[in-house]
Amino acid sequence: MSTSAATTVDASAPIGAASSPAATPQKAKPAFGILGALSTSHMVNDMMQSLILAMYPILKGEFSLSFTQIGLITLTYQITASLLQPLVGLFTDRRPQPYSLPLGMFSTLIGLMLLAIAPSFGILLLAAAFIGIGSSIFHPESSRIARLASGGQHGFAQSVFQVGGNLGTAIGPLLAAAVIVPFGQRSVAWFGLATLLGIGLLLQVSRWYATHHVAPGGSRKVAAVSPYPRKVVIGAIVVLLVLIFSKYFYVAGLSSFYTFYVMERFGLSVQSAQLHLFFFLFASAVGTVLGGPIGDRMGRKPVIWVSILGVAPFALLLPHANLFWTTTLTVVIGLVLSSAFSAILVYAQELMPGKVGMVSGLFFGFAFGMGGLGAAVLGILADRTSIAFVYEAIAYLPLLGVVAAFLPKTARRT
């Protein structure tokens, strides 16, 4: 594609940093075909995760699972992904592996097939682990390729990439309601066709990456330094991780137990509860689209600040709302809160240029880990108290968004 950069170009130079004429010979355009393939593949990858979440009411009845066991399924998926992602990112920073992406999707396919035939709780955990391994391979390298294909519009590219994942997460409950609820656990196997589509798309992406961005000998030249002192970088990364904890611990409680919450409190059916979950997840997808481009224009820090702390009033109201306002508030929460991750990820990449894979793996992995830990901890809390109490407890987490005040400013994109 004509949008590819030469192998000597620093693909991870921070927005607003001074660039040499050799590094930016002209204003490049995003490689929309590559971004579209990555976004679609991300949709497939994350749709498999959301199918697990949407199947919880079915699995709970079929295997007589407790809320603690449901939390452990999420924990297995998230921890498998979170522990491996930084390692995958660090390794591929040094030795790019273009064809690792379709292999990661193949691991997801194995997990999906195991989920369809699982006869016991142990096999459910194994299926979740395979899907987690697939995600751990997929996210760091695809995030790097999205940056390479951005044409300098890093926030926009990350939003396009992220929205595919959010759409996949949103579609999962609808597909579960339409296919899995009426036809049972084994019908999950039909979704293997989607993973085959993902494998095909990722093979094309891998060829583009290998042709345009991997130097002979399997390494890529990187000549970039952080625009900030090491102490400032470390402090900013810690602040960003606190924000990720706040966001994903809260989202774990909201998404993992939302269907149970509206069924228990408002007497909804499984299909109706999954439709309400879709509203929240779809709003999250829309918010993801907005977060990156706004960050490109206005700066990452304002987006991060508003998207985390700005959710707090709505989160505090949610446990006391009726059904209409519960749906309305969760849509607002999904819309605002989801705009954070693209801005956080690009901000972190700008802090540590030349380490895009490692940074992406660290933040995706930490996000998954906090989501999994949150699901497990909150599952135990729900068993010992109630789902309603869990929603009251997590409502205070977005208040941690106040720590965004400690982030250093980054230059606006011009």
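Please read all numbers here as calculations on a predicted model, not as lab measurements.

Draft legend 1. Spatial organisation of the environment of Trp 305. Assignment of secondary structure puts Trp 305 in helix H11 (residues 300–309). In this structure, Trp 305 is in contact with Gly 310, Gly 401, Val 402, Ala 404 and Ala 405, ignoring residues within four places of it in sequence.

Draft legend 2. Examining the packing of H11 against helix H14 (residues 340–351) more closely. Orientation of H11 relative to H14, taken along the N-to-C sense of each, is 145 degrees, at an axis distance of 9 Å. Both H11 and H14 take part in a crossing whose hand is left-handed. On H14, the residues that touch Arg 300, Lys 301, Val 303, Ile 304, Ser 307 and Ile 308 of H11 are Ala 340, Ala 343, Ile 344, Val 346, Tyr 347 and Glu 350. Split by residue class, the contact of H11 with H14 holds 8 nonpolar, 1 polar and 3 charged.

Draft legend 3. Local environment of H14. Here H14 contains 12 residues, and its C-alpha end-to-end distance of 16 Å stays within 8% of the 16 Å for a straight helix at 1.5 Å per residue. Where burial is concerned, most of H14 is hidden: 12 out of the 12 residues are buried.

Draft legend 4. Representation of the nonpolar core within the structure. Of all hydrophobic cores here, the largest spans 113 residues; its most connected members are Leu 240, Leu 243 and Phe 363. Take this core: its biggest share by element is 13 residues, from helix H8 (residues 230–256). Apart from the residues within four sequence positions on either side, Leu 243 is in contact with Ile 304, Ile 308, Ile 344, Leu 400, Gly 401, Val 403, Ala 404 and Leu 407.

Draft legend 5. Representation of the packing of helix H10 (residues 270–298) against H11. Two numbers describe how H10 lies on H11: the axes approach to 7 Å, and their chain directions differ by 135 degrees. On the basis of their axis angle, the class for H10 and H11 is oblique. On the side of H10, the interface is formed by Gly 291, Gly 292, Ile 294, Gly 295, Asp 296 and Met 298, while H11 contributes Arg 300, Pro 302 and Val 303. Partitioning the contact of H10 with H11 into residue classes produces 4 nonpolar, 3 polar and 2 charged.

Draft legend 6. Unusual backbone geometry, seen in detail. Phi is positive for Ser 64, which is not a glycine, with a value near 50 degrees. With respect to the secondary-structure elements, Ser 64 resides in the loop between helix H2 (56–62) and helix H3 (67–94).

Draft legend 7. Seen up close, the environment of Phe 368. Counting through the fold element by element, Phe 368 comes out in helix H15 (residues 356–384). Taking the C-alpha atoms as reference points, Phe 368 and Ser 135, separated by 233 residues in sequence, lie 9.7 Å from one another. If sequence neighbours within four positions are ignored, Phe 368 has contacts with Tyr 77, Gln 78, Ala 81, Ser 82, Gln 85, Ser 135 and His 139.

Rules of the game
Counting restarts for each chain, with residues numbered from 1 along the sequence as it is written. Whole-chain, interface and lining totals are the exception, using all residues; otherwise, since this is a predicted model, local features are given only for residues with pLDDT of at least 70 and side-chain atom pairs are given and counted only at 80 or more. To obtain the side-chain values, all non-hydrogen atoms of the structure were used and water was disregarded. Only runs of H or I of at least four residues qualify as helices and only runs of E of at least two qualify as strands under DSSP, and these elements are numbered from the N terminus. Any two residues whose heavy atoms approach within 4.5 Å are treated as being in contact. Fitted lines through C-alpha atoms serve as axes, helices being fitted only where they are in contact, and the angles separating the N-to-C directions of these axes extend from 0 to 180 degrees. Handedness of each helix crossing follows the sense of rotation of the near helix against the far helix: counterclockwise by less than a right angle gives left-handed, clockwise gives right-handed. Throughout this entry, Asp, Glu, Lys and Arg are counted as charged residues, while Ala, Val, Leu, Ile, Met, Phe, Trp, Tyr, Cys and Pro are counted as nonpolar. The remaining residues, Gly among them, count as polar. By this rule the span expected of a helix is its residue count minus one, scaled by 1.5 Å. Only protein chains enter the calculation, and the probe is 1.4 Å; a residue is then buried if its accessible area is under 20% of its type maximum, exposed if over 50%, and partly exposed in between. To define a nonpolar core, start from buried Ala, Val, Leu, Ile, Met, Phe, Trp, Tyr and Cys residues and group those joined through side-chain atoms within 4.5 Å. Here is the rule for angles: anything less than 35 degrees is roughly parallel, anything more than 145 is roughly antiparallel, 65 through 115 is roughly perpendicular, and the remaining ranges are oblique.

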